[in-house]
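Residues per chain are reported as follows:
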Amino acid sequence: MIILGPQKEALLVVPELIILVNLETMEPLSNADTAVGQRVLLLGVPAPRQWWDKPAGYDCWANILKQIGYCEIGPAVRI
């Protein structure tokens, strides 16, 4: 999953923890559980520094990132 900001900059991207919570039930949601118009809370938890310090930390996510069109491994906005 990737969360983009207003200028299409990456705000959150794997390996950071991206959590969606249903605001009506306060239960966690998966991507498949979300619906258009649903009120959700988005939480982001930074990945451990080691993921950002070593390019090899992205290797396990490279295929997923390419599938969603995010091929640039560069600086993200730190949360």
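Look above for the structure.
Cut-offs used in this document
- Residues numbered from 1 in each chain as written.
- Predicted model: local features only at pLDDT ≥ 70, side-chain atom pairs only at ≥ 80, totals over all residues.
- Heavy atoms only, no water.
- Helix = DSSP H or I, 4+ residues; strand = E, 2+ residues; numbered from the N terminus.
- Buried < 20%, exposed > 50% of the residue type's maximum accessible area, 1.4 Å probe, protein only.
- Contact = heavy atoms within 4.5 Å.
- Areas by Shrake-Rupley, 256 points an atom, 1.4 Å probe, with all protein chains shown as cover.
- Pairing = 2+ DSSP bridges.
- Polar contact = N/O pair within 3.5 Å; in protein donor to acceptor, adjacent residues only side chain to side chain.

(A) View of the overall build of the protein. From N to C terminus, the protein includes 2 helices and 5 strands. Reading the secondary structure of the protein in the N-to-C direction produces β-β-β-β-β-α-α. The buried share of the protein, reckoned over its 79 residues, is 25%. By sequence separation, contacts in the protein at least 24 residues apart represent 46% of the contacts at least 6 residues apart. Accessible area of the protein: about 5,600 Å², with a carbon and sulfur share of 60%.

(B) How the structure looks around the pairing of strand E2 (residues 10–13). With 3 bridges joining them, strand E1 (residues 2–4) and E2 adopt antiparallel strand pairing. Looking at E2, one finds that leucine 4 is bridged to alanine 10. In textbook terms, the turn of a hairpin is the stretch between consecutive antiparallel strands, and for E1 and E2 this stretch comprises 5 residues, one of which, lysine 8, has a positive phi near 65 degrees.

(C) Just the sheet that holds strand E4 (residues 28–29), in detail. If you trace the 3 strands from one edge of the open sheet to the other, you get E4-E3-E5, paired in antiparallel fashion. Across the chains shown, the open sheet's two edge strands, defined by having one partner strand only, are E4 and strand E5 (40–45). Bridge analysis of strand E3 (residues 17–22) against E4 gives 2 bridges, and the strand direction is antiparallel. Counterpart to leucine 20 in the pairing with E4 is leucine 29.

(D) Representation of the environment of arginine 39. Examined against the element boundaries, arginine 39 turns out to sit in the loop between E4 and E5. Considered as a pair, arginine 39 and leucine 23 are 16 residues apart in the sequence and their alpha carbons are 5.7 Å apart. With near-sequence residues (within four places) excluded, arginine 39 lies in contact with Val21, Asn22 and Leu23.

(E) Fine view of the environment of threonine 34. Inspection of the secondary structure puts threonine 34 in the loop between E4 and E5. Once the C-alpha coordinates of threonine 34 and valine 21 are considered, the two residues, 13 residues apart in sequence, prove to be 9.5 Å apart. Those residues within four positions of threonine 34 in sequence are excluded, and the remaining contacts are Leu20 and Leu29. Separated by 2.8 Å, the side chain of threonine 34 and the backbone oxygen of asparagine 31 make a polar contact.

As far as function goes, none of this settles anything; it's purely spatial.
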